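Chain by chain, the residues:
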Amino acid sequence: MKEQKNNSELAQAIEGYNTLKKDIHYASYFNMYPAELSVEKLITKGKTKIKTSEAAFKTPAEFLLWWVNAWKLQQGSCYYCNSKFSDLAKLINSNLLAVRKIGYGVRGPFPEIERLESTDEKNIYSKENCVLACYYCNNDKSYVYSSVDYKNYFGPAKGLYIKQLLTKLKT
Ligand SMILES: [Zn+2]
């Protein structure tokens, strides 16, 4: 019974993800990175975020549902600087913005899972505590600033920086 429930939850989450991927506003971005933004990759990522704590994500399906909803709520933009992930990808592809190479790929073009509250006891991956943030904000914020301060002071500045970079993109 539980197994069945989990399977239908996952099917529902995957359907939500596939619908999002085909959304006319986002399709070109998702098509740019078919492997990196695949549902399989997100499920794998979800598995690493599942923790035993009461409030945390319990299943990959729950994580995937959260991801899709967060994307919709944030309209495919970074929580802090409001830059669209598709715009960041365009800047990266035009060499106007650098990426950071890491063992399994790059950081830069993809949304990252950011925990708003990162003090010890509240430091959990949960629906309430997570947002999608760009690498540039996430990396910069690190554990130095609170999410409230980062959103109020540094995010807007980063957003302006990205906007002026976008003016350099020639069509
Ligand atoms: Zn950002």
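An account of the accompanying structure is given in this report. Just so you know, these numbers come straight off a predicted model, no measurement behind them.

**Considerations on the environment of Gly108**
Looking at the element boundaries, Gly108 is found in the loop between β2 (105-107) and β3 (112-115). Remark: the alpha-carbon pair of Gly108 and Ala89, spanning 19 residues in sequence, is separated by 7.7 Å. Filtering out sequence-adjacent residues up to four positions away, Gly108 remains in contact with Leu88, Ile92, Leu97, Val99, Arg100 and Tyr135.

**Focus on unusual backbone geometry**
Its identity as a non-glycine residue notwithstanding, Asn95 has a phi of 60 degrees, on the positive side. On the secondary structure map, Asn95 appears in the loop between α5 (85-93) and β1 (100-102). Located in the positive-phi region is Ser142, a residue other than glycine, with phi close to 45 degrees. Turning to its location among the elements, Ser142 is positioned in the loop between α6 (135-141) and α7 (147-166).

**Observations concerning the packing of helix α3 (residues 39-49) against helix α4 (residues 60-73)**
Put simply, α3 and α4 touch, their axes get as near as 8 Å, and they point 115 degrees apart. In terms of orientation, α3 lies roughly perpendicular with respect to α4. Of the two elements, α3 crosses α4, and the hand of that crossing is right-handed. Together, Leu42, Ile43, Gly46, Lys47 and Lys49 of α3 and Pro60, Phe63, Leu64 and Trp67 of α4 make up the contact between the two elements.

**Details of α5**
Inspection of α5 places Phe85, Asp87 and Leu88 among the buried residues, and these make up the whole buried set. The arc that holds the buried residues of α5, viewed along the axis, is 160 degrees, so those residues lie on one side. On its buried face, α5 sits against α2 (27-32) and α7.

What counts as what
- Residues numbered from 1 in each chain as written.
- Predicted model: local features only at pLDDT ≥ 70, side-chain atom pairs only at ≥ 80, totals over all residues.
- Helix = DSSP H or I, 4+ residues; strand = E, 2+ residues; numbered from the N terminus.
- Contact = placed C-beta atoms within 7 Å.
- Axes fitted to C-alpha atoms, helices over the stretch in contact; angles between N-to-C directions.
- Parallel < 35°, antiparallel > 145°, perpendicular 65-115°, else oblique.
- Left-handed = near helix turned anticlockwise from the far one by under 90°.
- Buried ≥ 20, exposed ≤ 12 C-beta atoms within 10 Å, placed from the backbone.
- Arc of directions from axis to C-beta.

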